[in-house]
Amino acid sequence: MYNLFISQAEPVDSLVDRFTILIMITLMITFENVTKVYQKDWVALQDISFFIEKGEFVFINGPTGAGKSTLLKLIYKEEEPTKGTVKVMDQNLRFLKKKQIPHLRRKIGVIFQDFKLLQDRTLEENVAFALEVTDTSPRDIRKKLMDILTYLRLSHKKFSFPYQLSGGEQQKVAIARALVRDPYILLADEPTGNLDEKSSQEIIDVLLDINYKGTTVLMATHNLKLVQKVNKKVLIIENNKIATEA
Ligand SMILES: Nc1ncnc2c1ncn2[C@@H]1O[C@H](COP(=O)(O)OP(=O)(O)OP(=O)(O)O)[C@@H](O)[C@H]1O
Ligand SMILES: [Mg+2]
């Protein structure tokens with residue numbers, strides 16, 4: 001454990017080192033002049049810079065096609081920036097080798113815009129699947145599943161298949177699957193996209209609670225009304241750029 005307290009007689013170099021360590025601990029995500037151009041010269045994001053600190057809850061807001069999903073994909077290295085630097089927990093993703101990507105993704109839970117649930121597996125199996133690729137013991141898997149399904153009030157549906165669940169329930173399964181690996185960062189892409197107001201509020205409350213317990217949360221949404229209801233930081237993307245940071 002680093003001692004971050006500064007004594008009076010400390011040399012400047014050592015102070016700089018400590019400052020760097022402090023920055024490493026607090027900065028979770030950094031974008032430095034990031035541009036993303038898809039094929040055929042289609043600019044999705046242009047010269048975007050921002051940082052997100054440990055424990056923050058940040059909305060990424062903007063109209064359809066603004067580049068919200070693209071921004072999230074750059075964080076879990078599903079897409080590469082055309083220019084600029086993306087850092088996650090002080091690691092420049094450009095230098096991350098292919099075999100290191102699973103390690104990055106263990107730190108990040110992703111709730112996809114289209115859920116991406118396995119249709120031929122039950123609710124419980126969908127969540128357990130996220131743990132199968134880790135070295136969690138069967139006993140710990142059972143315990144984690146029980147905890148997360150109880151927390152999200154899904155236990156009574158654990159043997160149901162995705163087609164037997166409502167949109168809100170499927171969204172919660174997607175949340176359970178992202179959370180079961182205890183990520184440092186949770187990326188939620190339009191998690192309330194197809195839900196009514198009551199179910200949307202329930203999902204937001206879960207995300208706020210997860211954030212309260214210490215996870216850094218980024219939520220992409222085009223729903224400005226919902227953003228205005230919750231008093232959290234907002235990055236608004238317009239014309240491929242960050243228009244406002246509030
Ligand atoms: N793989 C791709 N190849 C080419 N263009 C893409 C690709 N993915 C996204 N785009 C384009 O980049 C732009 C940004 O897309 P993105 O999915 O990031 O928007 P979004 O803000 O998430 O939109 P929505 O609110 O509809 O989910 C869009 O114009 C889209 O058509
Ligand atoms: Mg999107």
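Reference entry: report on the structure contained in this document. (Residues numbered from 1 in each chain as written. Chains lettered and ligands numbered in written order. Predicted model: local features only at pLDDT ≥ 70, side-chain atom pairs only at ≥ 80, totals over all residues.)

Let's talk about the sheet that holds strand S1 (residues 27-38)
In step 1: An order of S2-S1-S4-S5 is seen for the 4 strands of this open sheet, with the pairing classed as antiparallel. Sheet topology places strand S2 (42-53) and strand S5 (91-92) at the edges, where each strand pairs with a single neighbour.
In step 2: The pairing of S1 with strand S4 (residues 83-88) spans 5 bridges and is classified as antiparallel. Across the sheet, residue Phe31 finds its bridge partner in S4, namely Val86.
In step 3: Sheet contacts for helix H2 (residues 68-75): S1, S2 and S4; angle to S1, the most-contacted strand, approximately 120°. (Pairing = 2+ DSSP bridges. Helix = DSSP H or I, 4+ residues; strand = E, 2+ residues; numbered from the N terminus. Contact = placed C-beta atoms within 7 Å. Axes fitted to C-alpha atoms, helices over the stretch in contact; angles between N-to-C directions.)

Focus on the packing of helix H6 (residues 167-179) against helix H7 (residues 197-212)
In step 1: In the contact formed by H6 and H7, the axes pass within 10 Å of each other and the chain directions differ by 15°. The angle between H6 and H7 places the two elements in the roughly parallel class. Note on packing geometry: the crossing formed by H6 with H7 is right-handed. Touching Gly168, Gln171, Ile175 and Leu179 of H6 are Ser199, Glu202, Ile203, Val206 and Ile210, all from H7.
In step 2: Grouping the amino acids of the contact of H6 with H7 by side-chain chemistry returns 5 nonpolar, 3 polar and 1 charged. (Parallel < 35°, antiparallel > 145°, perpendicular 65-115°, else oblique. Left-handed = near helix turned anticlockwise from the far one by under 90°. Nonpolar A, V, L, I, M, F, W, Y, C, P; charged D, E, K, R; others polar.)

Here we look at the environment of Gly167
In step 1: Inspection of the secondary structure puts Gly167 in helix H6.
In step 2: Using a count of 14 C-beta atoms within 10 Å as the deciding quantity, one classes Gly167 as partly exposed.
In step 3: Separated by 26 residues in the primary sequence, Gly167 and Gly193 have C-alpha atoms spaced 9.7 Å apart.
In step 4: Apart from residues lying up to four places away in sequence, Gly167 is in contact with Asn194 and Leu195. (Buried ≥ 20, exposed ≤ 12 C-beta atoms within 10 Å, placed from the backbone.)

Notes on the pairing of S1
In step 1: In terms of strand pairing, S1 meets S2 through 8 bridges, oriented antiparallel. Across the sheet, residue Thr30 finds its bridge partner in S2, namely Phe51.

Considering H7
In step 1: Taking 1.5 Å as the rise per residue, H7 with 16 residues should run 22 Å; its terminal C-alpha atoms sit 22 Å apart, in good agreement.
In step 2: Looking at the buried residues of H7, the elements they touch are H6, strand S7 (185-189), strand S8 (216-221) and helix H8 (224-229).
In step 3: With its phi angle positive at about 120°, Gly214 sits one or two positions after the end of H7. (Expected span 1.5 Å × (residues − 1).)

Examining the pairing of S4
In step 1: Strand direction decides the pairing type here: S4 and S5, joined by 2 bridges, are antiparallel. Of the residues in S5, the one forming a bridge with Val88 is Gln91.
In step 2: Counting the residues that bridge the hairpin from S4 to S5 gives 2 residues, and of these Met89 lies at a positive phi of roughly 50°.

Structural notes on the packing of helix H4 (residues 123-132) against H6
In step 1: At a minimum axis separation of 8 Å, H4 and H6 run at an interaxial angle of 25°. In terms of axis orientation, H4 runs roughly parallel to H6. In this structure, H4 crosses over H6, and the sense of that crossing is right-handed. Contacts between H4 and H6 involve Leu123, Asn126, Val127 and Ala130 on the former and, on the latter, Val173, Ala176 and Arg177.
In step 2: Of the residues belonging to the contact of H4 with H6, the class tally is 5 nonpolar, 1 polar and 1 charged.

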